[in-house]
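Descriptive analysis of the structure
These are the residues of each chain, in order.
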Amino acid sequence: MPITRHFYAQSNLVITKLTGHVDEALIRSHLKVMNEEAARFRALKELADCRDVEAGCRSVHEMVEIAALEKGQPWAMDGRLVIVVSQPVAFGMARVYLAGNEGVRKDVHVTYSMEEGFTRLEIDP
């Protein structure tokens, strides 16, 4: 599975792991399922571990459209998101995703460090 998620209800946290070739269609599908699975959460904290992703997304426009799928979702509104990457191309695409997500989550970041990701979400790993 290129995208997996684990919910930790007590911490109001989801950790999403993306591996291998992840393209726009996979991310779109992931968010549709995420909207269903996370419906019981409010202002969810999410750590998206993209360190093992092969650059598959090529369209800035598509990434902005995909990010818009979070709009109006209670789990995303006022939530927090940290995307952890390992390469500059993924960093750039993550920044595009966050731009498309503007105004939805109250706090969003991209980093190269899992430790920083947990710190930003105020989570003890």
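Residues numbered from 1 in each chain as written. Predicted model: local features only at pLDDT ≥ 70, side-chain atom pairs only at ≥ 80, totals over all residues. Heavy atoms only, no water.

1. Quick notes on the nonpolar core
Core analysis: the largest hydrophobic core is formed by 29 residues, its most contacted members being Trp 75, Ile 83 and Tyr 97. Elements with a minimum of two residues in this core: strand E2 (13-22), helix H1 (24-37), strand E3 (45-55), helix H2 (60-67), strand E4 (80-84) and helix H3 (88-100). Discounting residues that sit within four places of it in the chain, Tyr 97 has contacts with Leu 31, Met 63, Ile 66, Ala 67, Glu 70, Leu 81 and Ile 83. Among the nonpolar cores identified, the runner-up in size contains eight residues, and Val 82, Val 84, Phe 118 and Leu 121 belong to it. (Core = buried A, V, L, I, M, F, W, Y, C linked by side-chain atoms within 4.5 Å. Buried < 20%, exposed > 50% of the residue type's maximum accessible area, 1.4 Å probe, protein only. Helix = DSSP H or I, 4+ residues; strand = E, 2+ residues; numbered from the N terminus. Contact = heavy atoms within 4.5 Å.)

2. Some words on the environment of Gly 103
Along the chain, the position of Gly 103 falls in the loop between H3 and strand E5 (107-111). Residues Gly 103 and Met 77 lie 26 residues apart in sequence; the distance between their C-alpha atoms is 8.4 Å.

3. Notes on the packing of aromatic side chains
Summed over all chains, the structure comprises two aromatic pairs. Centre to centre, the rings of Phe 7 and Phe 41 are 5.2 Å apart; their planes meet at 15 degrees, and the pair counts as stacked. Here the residue Phe 7 occupies a position in strand E1 (residues 3-8), and Phe 41 occupies one in the loop between H1 and E3, the gap between them amounting to 34 residues. When its relative accessible area of 4% is taken as the criterion, Phe 41 is described as buried. Seen in terms of ring centroids, Phe 91 and Tyr 112 are 5.3 Å apart; in terms of plane orientation they differ by 10 degrees. Their pairing is stacked. You can see Phe 91 sitting in helix H3 and its partner Tyr 112 sitting in the loop between E5 and helix H4 (114-120), a full 21 residues away along the chain. According to the relative accessible area criterion, Phe 91 is partly exposed, its value standing at 26%. (Phe/Tyr/Trp six-rings, centres within 6.5 Å; stacked < 30°, edge-to-face > 60°.)

4. Some remarks on H3
The periodicity of an α-helix, 3.6 residues per turn, causes residues three or four places apart in sequence to face the same way. In this model H3 runs 19 Å from its N-terminal to its C-terminal C-alpha over 13 residues, within 8% of the 18 Å that 1.5 Å per residue would give. For H3, the complete set of buried residues consists of Ala 90, Met 93, Ala 94, Val 96, Tyr 97, Leu 98 and Gly 100. Looking at the buried positions of H3, the neighbouring elements they touch are H1, H2, E4 and E5. (Expected span 1.5 Å × (residues − 1).)

5. A look at the pattern of salt bridges
The final tally for this structure, using the stated rule, is ten salt bridges. Residues Glu 46 and Arg 105 are paired through a salt bridge, measuring 2.9 Å at the closest nitrogen-oxygen approach. Of this pair, Glu 46 sits in strand E3 while Arg 105 is found in the loop between H3 and E5, placing the two residues 59 residues apart along the sequence. Like Arg 105, Glu 46 is buried. Between Glu 116 and Arg 120 there is a salt bridge whose closest N-O contact spans 2.9 Å. Separated by four residues within a single helix, Glu 116 and Arg 120 lie in helix H4, roughly one turn from each other. Take Glu 116: its relative accessible area is 30%, and that puts it in the partly exposed class. Residue Arg 120 is classed as partly exposed on the basis of its relative accessible area, which comes to 33%. (Salt bridge = Lys/Arg side-chain N within 4 Å of Asp/Glu carboxyl O.)

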